[in-house]
Amino acid sequence: ICFFSKELFAILLSKEFREANVILPYITFSYVIIGAYYFFGYPLFYDTKRTKLINIATFVSAALNVVLNLFLIPKYGMIGASAATLLSFFVSSLITLILSNKAKLIRYNYESMYLAIVLSFSLALFVTNLNSAITLNTILLKLLTLTIILLAIVFKYRKEMKMAVDLVKSKLKK
């Protein structure tokens, strides 16, 4: 979505709203990170003694979002607000990860998860903020970049993908 936000916004929105494409990477990746929060938090739901710990991450995140908004919105406007959301969701997922790891319910390879999120966010931010006109060349360049990234992901996780495909096939045969 972020790769083609400028083009999509040009097609779908009137001129006064098109500049909002610059916040799309922040908002999009905020929800990717909140997905990590839920991913790390689900094991805590199964341990009734630890369910209340999820509130800690939620309240800290909410308070941080308010404080960051107070400082960032006056100076950076909508980018400040979306960056505050991204940072507070990141802190929330990090707290949930720490609490989940302390419970020793599941061990996560969180370094590679966060690395993938950070790299994807950086690339989306870069592509979104390119000061280039919408031309066939920029669209083709974005498509090529996206294809290379997807191929790299498929190559890196080919074993896991094969396992998932085999699992689905075995379930469909039943």
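Treat the numbers as computed from the prediction; the structure is a model and nothing was measured.

Student: Describe the packing of helix α2 (residues 24–45) against helix α3 (residues 53–76), with residues and values.
Tutor: Two elements in contact, α2 and α3, have axes separated by 9 Å at closest approach and are oriented at 150 degrees. One finds that α2 runs roughly antiparallel with respect to α3. For the pair α2 and α3, contact is made by Y37, G41, L44 and F45 and by I54, A57 and T58, respectively. A breakdown of the residues in the contact of α2 with α3 according to their chemical character gives five nonpolar, two polar and no charged.

Student: Describe the packing of helix α6 (residues 136–156) against helix α7 (residues 158–173), with residues and values.
Tutor: The geometry of α6 relative to α7 is characterised by a closest axis approach of 5 Å and an angle of 75 degrees between their N-to-C directions. Taken as axis vectors, α6 and α7 run roughly perpendicular relative to one another. For the pair formed by α6 and α7, the contact residues are V154, F155 and K156 on the first element and R158, E160 and M161 on the second. By residue class, the composition of the contact of α6 with α7 is three nonpolar, no polar and three charged.

Student: Can you explain the side chain of T96? Please cite residues and give values.
Tutor: Relative to the assigned elements, T96 resides in helix α4 (residues 78–103). Side-chain polar atoms of T96 contact the backbone oxygen of S92, separated by 2.8 Å. Here T96 is in contact with Y37, F40, G41, L44 and A57, once residues within four sequence places are set aside.

Student: How would you sum up α3? Please name residues and give values.
Tutor: Here α3 spans 33 Å end to end across 24 residues, near enough to the 34 Å set by a 1.5 Å rise per residue. At N69, α3 is deflected by roughly 35 degrees, the largest bend along its length. The complete set of buried residues in α3 reads I54, A57, S61, N65, L68 and L72. Immediately downstream of α3, the backbone of G77 shows phi near 65 degrees, a positive value.

Student: Can you break down the pattern of salt bridges residue by residue, with the values?
Tutor: Side chains that carry opposite charge are capable of pairing whenever their charged atoms lie near each other. Summed over all chains, the structure comprises one salt bridge. One salt bridge in this structure joins D166 and K162, with 2.9 Å as the shortest N-O distance. With a gap of four residues between them, D166 and K162 both fall in helix α7, about one helical turn apart.

Conventions used here
Per-chain numbering applies: the sequence of each chain, read as written, is numbered from 1 onward. Per-residue local features of the predicted model are confined to residues with pLDDT of at least 70, and side-chain atom pairs are confined, for both listing and counting, to 80 or more; whole-chain, interface and lining totals are unaffected and use all residues. Derived side-chain values reflect all non-hydrogen atoms in the structure, with water molecules and hydrogen atoms excluded from consideration. Only the stretch in contact is used when a helix axis is fitted, and all axes are lines through C-alpha atoms; the angle between N-to-C directions ranges over 0 to 180 degrees. A helix here means a DSSP run of H or I that spans at least four residues, while a strand means a run of E at least two residues long, and both kinds are numbered starting from the N terminus. In these notes the angle categories are as follows: under 35 degrees is roughly parallel, over 145 is roughly antiparallel, 65 to 115 is roughly perpendicular, and the rest is oblique. Any two residues having at least one pair of non-hydrogen atoms within 4.5 Å are treated as being in contact. Under this grouping Gly is polar, as are all residues other than the nonpolar Ala, Val, Leu, Ile, Met, Phe, Trp, Tyr, Cys and Pro and the charged Asp, Glu, Lys and Arg. Definition of a polar contact: a pair of N or O atoms within 3.5 Å, with one able to donate and the other able to accept a hydrogen when the atoms are protein atoms, and with sequence-neighbouring residues admitted only if both atoms are side-chain atoms. To estimate the expected span of a helix, subtract one from its residue number and multiply by 1.5 Å. By definition, a residue's bend is the angle between the axes fitted to the seven residues ending there and the seven starting there. Partly exposed describes any residue whose relative accessible area lies between the buried limit of under 20% and the exposed limit of over 50%, with all areas from a 1.4 Å probe on protein chains only and scaled to the type maximum. Should a side-chain nitrogen of Lys or Arg be within 4 Å of a carboxyl oxygen of Asp or Glu, the pair is scored as a salt bridge.

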